[in-house]
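Observations on the three-dimensional arrangement
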Amino acid sequence: MPDLTQRLIEAMTEMPVIDAHEHLPPEAERVARDVDVFTLFGHYTHNDLISAGMTREQYDWLQDPSQDLDERWRVLEPFYARTRHTSYVRAARLAAQRFYELDIAADTYAEITERMKAANTPGIYERVLADACNIRVALTQVGRVVDDELLIAVLPLASLTANGNLGGLRANAERVGVELRGLDDCDALMEAVIAEHKRSGGVVGYKHVSTDLTTPDRATAAREFGAMLAGQEYDGRAVSDWLTHRALDLAGDAGLPVAVHCGIIWDNWNDFYDRHPRYMIPTALAHRGTRFDLYHAGIPWVREVGVMAKELPNCWLNLCWCHIISQRMSVSALDEWLDMVPLSKIIGFGGDYNKPVEKVYGHLVMAREDIAEVLAGRVERGTMRYGEALEAARMMLFDNPRELYGLEL
Ligand SMILES: [Zn+2]
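Rules and cut-offs
Residues numbered from 1 in each chain as written. Predicted model: local features only at pLDDT ≥ 70, side-chain atom pairs only at ≥ 80, totals over all residues. Heavy atoms only, no water. Domains from an automatic or database assignment. Contact = heavy atoms within 4.5 Å. Buried area = accessible area lost by both parts, 1.4 Å probe. Salt bridge = Lys/Arg side-chain N within 4 Å of Asp/Glu carboxyl O. Helix = DSSP H or I, 4+ residues; strand = E, 2+ residues; numbered from the N terminus. Buried < 20%, exposed > 50% of the residue type's maximum accessible area, 1.4 Å probe, protein only. Lys, Arg positive; Asp, Glu negative; His and termini not counted. Polar contact = N/O pair within 3.5 Å; in protein donor to acceptor, adjacent residues only side chain to side chain. Core = buried A, V, L, I, M, F, W, Y, C linked by side-chain atoms within 4.5 Å. Phe/Tyr/Trp six-rings, centres within 6.5 Å; stacked < 30°, edge-to-face > 60°. Lys NZ or Arg CZ within 6 Å of the ring centre and 35° of its normal. Pairing = 2+ DSSP bridges. 1 Å grid on protein atoms, 1.4 Å probe; cavity = no way out; pocket = protein on both sides within 12 Å on 5 of 7 lines; lining within 4 Å. Points joined across faces, edges and corners; volume = space filled by probe spheres on them. Nonpolar A, V, L, I, M, F, W, Y, C, P; charged D, E, K, R; others polar. Donors = N, O, S within 2.8 Å, 3.2 Å for Na, K, Ca; no water. Expected span 1.5 Å × (residues − 1). Arc of directions from axis to C-beta.

What follows covers the domain arrangement of the protein chain. Domain parsing of the protein chain yields domain 1 (35-119) and domain 2 (130-404). Taking only C-alpha atoms, the centre of domain 1 and the centre of domain 2 are 30 Å apart. Facing the 24 residues of domain 1 at the interface are 24 residues of domain 2. Around 2000 Å² of area is buried between domain 1 and domain 2 when both sides are counted, 56% of it from carbon and sulfur atoms. Here domain 1 is connected to domain 2 by two salt bridges. R90 is the partner of E369 in a salt bridge, and the nearest nitrogen-oxygen pair spans 2.9 Å. Looking at the side of domain 1 that touches domain 2, the elements with two or more residues in it are α3 (45-51) and α6 (87-100). Here the side of domain 1 that touches domain 2 takes 10 residues from α6, the largest share from any one element.

Right under this line is the structure:
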């Protein structure tokens, strides 16, 4: 690794980090569950194992800690040989090396398992996230507010709209004390739910997905909503899409940003074109008072989202999940974005893990490498001074997500 890149990585290691996207549950849930070396192959790595020929049944069996460890390793081994150089697996290996002082291999998996079990105790989030990663807070998505010092929630937009499901809307209405007699009551209902979330102090945004959203007119939506309330047949998509549009506006009015899943899907056997970031263009144009945090560089459409963030003042770019999908793609995307997009709108890191918290560290090591490589290239070409590169790194890792999500740190 060139000296300048190395120097930047070392400087970045001292910087505070806001982990801008996770699925981490409260720590108590992680330590309540049994762990072993296969936990490090949970979340994302399954995607590569299955792509390499493992069956879903084999994968699920590998994830069962009550099964024989040696037998499971014998099943994993040929697939590990095929996938060990992907970015997903690299994060697992970096985590094993950092926390359990061993690389994952045939002669280490049993010892790694012993060490993981011993370390799966209260304080593991502090040790991994705060001590090893210098993470001040992680924005987590587990569908609810979480009581954990290091975590703060981003809730699904469906927590407002209930995806147009009448039972969900009625449950919300009852809880916040709004009478639901027709579409006209829905704004008040969703405003009351947003107010409830803000009062909790534990919600800093909502999560949407890039999807082909229709734009029903108000009369149609009111008619279909009325039919739903009357127990008649109705057009569920008209109701749901209407509420989604309203929720996006109301979130914007409340000053809460909306994170958006764009591009690549986490599992196998999907048509990822269904999540093309282009669906967010009409949505961002229609909701100019709402700030959108476009996730995952829209992989593989990294250039498309770059142009979107350049042209649309209400779109940010978030490299969460990206460095473990492809380090090379993340480097080239970030390098092009720095030419195109205001630096203040680029967010550099989000681990995007649930149970295997150790891999947040592996991912962050890779993120620092990618960011440092891009910035070092600019310093070498004379287009950026070293001090400016440090400032850019700090903005991407800390200042930008703090400002977008209004975090008081
Ligand atoms: Zn995610």
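With respect to the helices and strands, D19 occurs in strand β1 (residues 17-22). R368 is the oppositely charged side chain nearest to the buried, salt-bridge-free D19, at an N-O distance of 11 Å. Of note is the side chain of D19, whose polar atom sits 3.0 Å from the backbone nitrogen of G351. Excluding residues within four positions of it along the chain, D19 makes contact with I135, V137, A138, L139, F349, G350, G351 and V360.

Attention shifts here to the pattern of salt bridges. Applying the stated rule across the entire model yields 23 salt bridges. Its salt-bridge partner being R218, residue D184 comes within 2.5 Å of it at the nearest N-O pair. With D184 in the loop between α10 (166-176) and α11 (186-200) and R218 in helix α12 (residues 218-229), this residue pair connects regions lying 34 residues apart in the sequence. On the basis of relative accessibility, which here comes to 60%, the residue D184 falls in the exposed class.

Glancing now at the nonpolar core. Formed by 127 residues in total, the largest nonpolar core has its most connected members in I104, W337 and L375. Ignoring any residue separated from it by four or fewer positions in sequence, one finds W337 in contact with A297, V302, V305, G306, L317, L319 and I346.

In this section: the packing of aromatic side chains. All told, the structure shown has 11 aromatic pairs when counted by the stated rule. Consider the rings of F41 and Y80, whose centres lie 5.6 Å apart with planes at 90°: the pair is edge-to-face. Within this pair, whereas F41 is found in the loop between α2 (27-32) and α3, its partner Y80 is found in helix α5 (residues 69-83), the two being separated by 39 residues in sequence. Taken individually, F41 and Y80 each receive the classification buried, so the pair is uniform in this respect. Both rings, one in F272 and one in Y273, keep their centres 5.5 Å apart while their planes meet at 40°; by these two values the pair is tilted. Relative accessible area serves as the criterion here: at 33%, F272 is assigned to the partly exposed category. A connected cluster of aromatic rings, assembled from ring pairs, spans F41, W73, Y80 and Y109. Its guanidinium or amino end placed over the ring of F79, R82 lies 4.7 Å from that ring's centre, counting from NZ or CZ. Geometry around Y361 places R98 over its ring, the cationic atom sitting 5.5 Å from the centre.

We now examine the sheet that holds strand β7 (residues 315-318). Strands sit in the order β1-β2-β3-β4-β5-β6-β7-β8 across an open sheet of eight strands; the sheet is parallel. Lying at the two open borders of the sheet, with one neighbouring strand each, are β1 and β8 (346-347). Looking at chain direction, strand β4 (residues 203-209) and strand β5 (residues 258-261) are connected through four bridges and run parallel. Bridge pairing links K207 to A259 in β5.

Now for empty space enclosed by the protein. Inspection of every chain in the model, using the stated rule, returns one cavity of 30 Å³ or more. Around the largest cavity, the lining residues are D34, D36, F38, T39, L62, Q63, P65 and K355. Considered class by class, the residues forming the lining of the largest cavity number three nonpolar, two polar and three charged.

Surrounding the zinc ion are the protein donor atoms H21 (NE2), H23 (NE2) and D352 (OD), which sit 2.0 to 2.1 Å from the metal. Sequence spacing of the donors to the zinc ion: H-x1-H-x328-D. With H23 in the loop between β1 and α2 and D352 in the loop between β8 and α18 (358-381), this residue pair connects regions lying 329 residues apart in the sequence. H23 gets classed as partly exposed once you look at its relative accessible area, which sits at 23%.

Here the focus is α12. The end-to-end C-alpha distance of α12 is 16 Å, a good match for the 16 Å that 12 residues give at a rise of 1.5 Å each. Inspection of α12 places A221, E224, F225, A227 and M228 among the buried residues, and these make up the whole buried set. Buried residues of α12 fall within an arc of 155° about the axis and therefore sit on the same side. In α12, the exposed residues that point more than 90 degrees away from the buried face are A219 and R223. For α12, the capping residue at the N-terminal end is D217, with a side-chain oxygen 3.2 Å from the backbone nitrogen of A219.

Right, let's talk about the side chain of T113 for a bit. Mapping T113 onto the fold places it in helix α7 (residues 109-119). Apart from residues lying up to four places away in sequence, T113 is in contact with D36, V37 and L69.

All right, on to the pairing of strand β3 (residues 151-156) then. Where burial is concerned, most of β3 is hidden: five out of the six residues are buried. Inspection of the sheet shows strand β2 (residues 135-140) paired to β3 by three bridges, in the parallel sense. From the neighbouring strand, T140 faces β3, where its bridge partner is A153. Bridge analysis of β3 against β4 gives four bridges, and the strand direction is parallel.

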